[in-house]
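Next come the chains, spelled out residue by residue.
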Amino acid sequence: MNAALLTRLRSELGHPRRDLVVSGAQGPTVEVDGRTLVNLAANDYLGLAGAPEVLAAARESLDELGLGVAAGRVLCGTRSVHSELEESIAEFIGAEDAVLYGSCFDANLGVFDALLGPEDVIFSDALNHASLIDGIRLSQAKRHVFPHADVAELERLLADSGNARHRVIVTDGVFSMDGDLAALPQLSELARRYDAVLMVDDSHATGVLGAGTAEHFGRPVDILTGTLGKALGGAAGGFVAGSRVLTEKLRQVSRPYIFTNAMAPPLAAAALAAIRLAQTRPELRKRLAVNTSWLRSALADLGYEMLPGEHPIIPVMLRGGTRARDVAAALRREGVLVFALSHPVVPSGEERIRVQVSAAHTAEHLERAAAAFGRVA
Ligand SMILES: *Cc1c(COP(=O)(O)O)cnc(C)c1O
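Nothing here was measured: the structure is a model prediction, and the numbers come from that model. All residue numbers here refer to positions counted from 1 along the written sequence of the relevant chain. For a predicted model such as this one, the threshold for reporting local features is a pLDDT of at least 70, and the threshold for listing and counting side-chain atom pairs is 80 or more; totals across whole chains, interfaces and linings nevertheless cover every residue. The side-chain values count all of the structure's non-hydrogen atoms but skip hydrogen atoms and water molecules.

J.: I'm lost on the overall build of the chain in this one. Help?
T.: A helix here means a DSSP run of H or I that spans at least four residues, while a strand means a run of E at least two residues long, and both kinds are numbered starting from the N terminus. Within the chain one finds 15 helices and 14 strands. For this measure, only C-alpha atoms enter the radius of gyration; the expected value for a globule follows 2.2 Å times N^0.38, where N is the number of residues. Computed over C-alpha atoms, the radius of gyration of the chain comes to 21 Å, within 12% of the 21 Å expected from 2.2 N^0.38 for 377 residues, which places it in the range of a compact globule. Referenced to the eigenvectors of the C-alpha coordinate spread, the extents of the chain come out at roughly 60 × 55 × 55 Å. The cut-offs for exposure are 20% and 50% of the maximum accessible area for each residue type, with area from a 1.4 Å probe on protein chains only; residues under the lower value are buried, those over the upper are exposed, and the others partly exposed. With 377 residues in all, the chain has 50% of them scored as buried. Contact definition: two residues touch when any of their heavy atoms are within 4.5 Å. Within the chain, contacts between residues at least 6 apart in sequence are counted, and of these 69% link residues at least 24 apart. All accessible-area figures derive from a Shrake-Rupley calculation using a 1.4 Å probe, and residue coverage is judged against the displayed protein chains alone. As displayed, the chain has an accessible area near 17,400 Å², and 53% of this comes from carbon and sulfur atoms. Here the chain contributes 37 positive and 45 negative side-chain charges, whose respective centroids are spaced 4 Å apart. Neither His nor the chain ends contribute to the count of charged residues, in which Lys and Arg are positive and Asp and Glu negative. Every charge is mapped to an atom, namely NZ of Lys, CZ of Arg, CG of Asp or CD of Glu.

What follows is the structure in structure tokens.
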């Protein structure tokens, strides 16, 4: 390798993070180094990643259609399962149509550049997901970042935006570090008043807050992106949902739709089964809510500080220095898998452990987790 590059990379690396290697299947518990840990670190909110119906759908599809299609959607990559999944997502979300992408990261990379140009202005919440930030950068549109959830500042920017062709307000539906919800009623009112497009990335909300934040607040959004890698089966895939003219435009010009392989059919079949379960088993959401409030009150009884909220993301605040990291490591030794978030992912002084609850957790899993938090406290 080129010596200059080698030297520079070495000096920049320092002590790099090493990814944890997990054995066995994703579930409410996972195996790490031969030990079983209660898994409070995954996005499998409805517990569908291990649902027998989801796994069976993937297996049947594998037997019938094989694994991959070795082509993009616009060539010979489209199978009927892709179209069925797009229809199913649209019906679930309450949109006219949906377009599949390989991931929500891809969906967010593909949506802005396809729709907007230098005549347009994007208004983006400061805590929006990395993929939104990158997707916005790939477009030619002007961009304004408003402080997190600061509706007054957003309004000031909108009022100043002069003769833009389109104004587009972009927000996460649920923010992944704090678990807080976008102020959709206010954003939707601003969009109406300033004739702006409202776009929401509902990756942490789809299937968790009903169909998502739009349904939760009873406010329609213009463009919705989401993932199949969290509550809807936890495998992989993303989508953009909205009116048919939007999705048709994306199919014509969106680069991460056109210039990449179609989603592997078994993944699409699994997501289709997961959406069916999310629609027909309201008890999963009920259990998720019960589990979340049980763990919140158990941690509160132990004296832990948490950011308030209703989402199964529970930010347990361990402010200052390496406390969050030390507690996360101690919890792993005590049989609970959690991760600490520190600067630059969250501001200094807001270090925390992000706990994520699933409908697949049993009372026994949660009691084990709470007991470990008790020993570590
Ligand atoms: C997880 C997440 C993504 C990425 O989803 P993938 O389908 O895994 O690429 C995008 N946006 C938000 C807000 C997310 O939370």
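J.: Help me understand the packing of aromatic side chains, please; the structure alone is not making it clear to me.
T.: Each pair of aromatic rings is reported with the distance of its centres and the angle of its planes. Pairs were defined over the aromatic rings of Phe, Tyr and Trp, the Trp ring being its six-membered one, requiring ring centres within 6.5 Å. Orientation was assigned from the angle between planes: stacked under 30 degrees, edge-to-face over 60, tilted for the rest. As enumerated under the stated definition, the model contains two aromatic pairs in all. Residues tyrosine 304 and phenylalanine 373 carry aromatic rings whose centres are separated by 5.2 Å and whose planes lie at 85° to one another, so their mutual orientation is edge-to-face. Taken together, the positions of tyrosine 304 in the loop between helix H13 (282-301) and strand E10 (305-306) and phenylalanine 373 in helix H15 (residues 363-376) put the pair 69 residues apart, joining distant regions of the chain.

J.: Could you clarify how one ought to interpret H13 in this entry?
T.: One full turn of an α-helix is made of 3.6 residues, so residues set three or four places apart face in the same direction. Under the 1.5 Å per step criterion, the end-to-end length of H13 is 29 Å for 20 residues, consistent within 8% with the ideal 28 Å. Elements in contact with the buried residues of H13: helix H12 (265-280), E10, strand E11 (313-317), strand E14 (352-356) and H15. Positive backbone phi, approximately 95°, marks glycine 303, located one or two places after H13. Take the number of residues in a helix, subtract one, and multiply by 1.5 Å to get its expected span.

J.: Honestly, helix H1 (residues 3-13) in this entry has me stumped. Any pointers?
T.: Summarising burial for H1: zero of the eleven residues are buried, a small minority. A distance of 3.1 Å separates the backbone nitrogen of alanine 4 from a side-chain oxygen at the start of H1, and that oxygen is part of asparagine 2. Immediately downstream of H1, the backbone of glycine 14 shows phi near 60°, a positive value. Polar contacts, as counted here, are pairs of nitrogen or oxygen atoms within 3.5 Å of one another; within protein the pair requires one atom able to donate a hydrogen and one able to accept it, and residues that are adjacent in sequence qualify only if both atoms are side-chain atoms.

J.: Hey, could you run me through the sheet that holds strand E5 (residues 142-146) in this one?
T.: Strand pairing in a sheet takes place through backbone hydrogen bonds and is either antiparallel or parallel in direction. Strand pairing is assigned whenever DSSP detects at least two bridges linking the two strands. Taken in spatial order, the seven strands of this open sheet run E3-E9-E8-E7-E6-E4-E5, and their pairing is mixed. The open sheet has two free edges, formed respectively by strand E3 (97-101) and E5, since each of these has just one partner strand. Ignoring which end each strand starts from, the neighbouring axes of this sheet average 20° apart. With four bridges joining them, strand E8 (residues 223-227) and strand E9 (residues 238-242) adopt antiparallel strand pairing. Bridge pairing in E9 links threonine 225 to valine 240. Each axis is a line fitted through C-alpha atoms, taken for helices only over the stretch in contact, and angles between the N-to-C directions span 0 to 180 degrees. Of the strands in this sheet, E3, strand E4 (121-125), strand E6 (167-172), strand E7 (196-201), E8 and E9 touch helix H5 (residues 104-115), which is tilted by about 160° from E8. Across the sheet, helix H7 (residues 151-159) touches E4, E5, E6 and E7, and the angle it forms with E5 is around 155°.

J.: How should the domain arrangement of the chain be read in this particular structure?
T.: Accessible area lost upon the coming together of the parts is a frequently used measure of interface size. These domain limits were set by an automatic method or by a database of domain assignments. By the assigned domains, the chain splits into domain 1 (15-44 + 282-376) and domain 2 (52-280). The C-alpha-based centres of domain 1 and domain 2 are spaced at 27 Å. Every contact between the two is made by 18 residues of domain 1 and, on the other side, 17 residues of domain 2. Defined here as a combined quantity, buried area equals the accessible surface (1.4 Å probe) lost by two parts on assembly, summed across both. When domain 1 packs against domain 2, close to 1,400 Å² is buried across both sides, 57% of that on carbon and sulfur atoms. Of all residues in domain 1, Asn43, Arg285 and His311 bury the most surface against domain 2, accounting for 36% of the area lost on that side. Every case where a carboxyl oxygen of Asp or Glu lies within 4 Å of a side-chain nitrogen of Lys or Arg is listed as a salt bridge. There are one salt bridge connecting domain 1 and domain 2. As a salt-bridge pair, arginine 352 and aspartate 178 come within 2.4 Å of each other at their nearest N and O atoms. At the boundary of domain 1 with domain 2, the tally comes to five residue pairs in polar contact (both at pLDDT 80 or more). Broken down by secondary-structure element, the contributors of at least two residues to the side of domain 1 that touches domain 2 are H13, E11 and E14.

J.: What is the right way to look at the pairing of E4 in this model?
T.: Two faces make up the sheet, and in a regular strand the side chains alternate between them. Among the five residues that make up E4, five are buried, leaving the element largely enclosed by the rest of the structure. In E4, alternate side chains face the same way, and those of Val121, Phe123 and Asp125 on one face and Ile122 and Ser124 on the other are all buried. Relative to E5, E4 is paired through five bridges, and the arrangement is parallel. The residue bridging phenylalanine 123 from the neighbouring strand is histidine 144, located in E5. In this structure, E4 lies alongside E6, joined through four bridges in parallel fashion. Paired with phenylalanine 123 across the strands is isoleucine 169, a residue of E6.

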